[in-house]
Amino acid sequence: MSETNGNDSNDIRKLLTSSGYSEKAINYFLEKKNLGSIPNADQVSELTGTCGDTMKVYLRVEDGRIKDAKIQVLGCPGAVASAMAAMDFIKGKTLEEAQRLKDRDIFRMLEDIPDQKTHCIRLTNKTIQKAIEEYRSNNGKNVKGK
Ligand SMILES: [Zn+2]
């Protein structure tokens with residue numbers, strides 16, 4: 001009877017489920033555990049997709065391996081869910097492994113999102129690839145004292 005007892009996330013779940021999001025994708029969207037920034041990150045890269053969704057990824061890189069990854073997302077639930085899943089994927093991977101990340105790997109982690117949201121997955125992967133490329137060009141030539 002009373003719907004005013006703070007069950008907002010249940011309503012959001014229902015809405016997303018009926019829009020075509022899987023349980024797993026919804027959890028990524030609601031938990032947002034990789035959302036945010038890393039202070040003094042080794043690489044920060046930003047990209048805006050054609051839809052206007054914007055992502056800013058923060059990488060902590062040690063000995064060619066991604067030690068930590070966080071991302072800020074301005075976008076739809078599809079963008080948030082894709083970004084969260086992709087951070088889980090690249091954390092602990094080498095830069096080479098992260099470069100082999102395919103859009104379908106992110107889709108597989110999400111299990112299902114609406115068809116019109118595949119651009120969010122593409123933007124997530126593009127943002128990651130841009131960050132790795134920029135990290136390489138920043139650190140390849142002028143090796144910082146270490
Ligand atoms: Zn989107």
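In this text the structure is predicted, and so the values were computed from the model without any measurement. (Residues numbered from 1 in each chain as written. Predicted model: local features only at pLDDT ≥ 70, side-chain atom pairs only at ≥ 80, totals over all residues.)

> Now, about the sheet that holds strand 2 (residues 54–62): what can you tell me, with residues and values included?
With antiparallel pairing, the 3 strands of this open sheet are ordered in space as 1-2-3. Looking at the sheet topology across the chains shown, the edges are occupied by strand 1 (43–48) and strand 3 (65–74). Going from strand to strand, the sheet's axes swing by 20° on average, the running direction of each strand aside. For strand 2 and strand 3, the ladder comprises 9 bridges, and the chain directions are antiparallel. Residue pairing across strands places M55 opposite V73, the latter belonging to strand 3. (Pairing = 2+ DSSP bridges. Helix = DSSP H or I, 4+ residues; strand = E, 2+ residues; numbered from the N terminus. Axes fitted to C-alpha atoms, helices over the stretch in contact; angles between N-to-C directions.)

> Describe the packing of helix 3 (residues 77–90) against helix 5 (residues 103–110), and please don't skip the residues or the numbers.
For the pair helix 3 and helix 5, interaxial distance at closest approach is 9 Å and the crossing angle is 105°. If you check the angle between helix 3 and helix 5, you find them roughly perpendicular. Between helix 3 and helix 5, the contacting residues are A81, S82, A85, A86 and F89 on the first element and D105, I106, M109 and L110 on the second. Partitioning the contact of helix 3 with helix 5 into residue classes produces 7 nonpolar, 1 polar and 1 charged. (Parallel < 35°, antiparallel > 145°, perpendicular 65-115°, else oblique. Contact = placed C-beta atoms within 7 Å. Nonpolar A, V, L, I, M, F, W, Y, C, P; charged D, E, K, R; others polar.)

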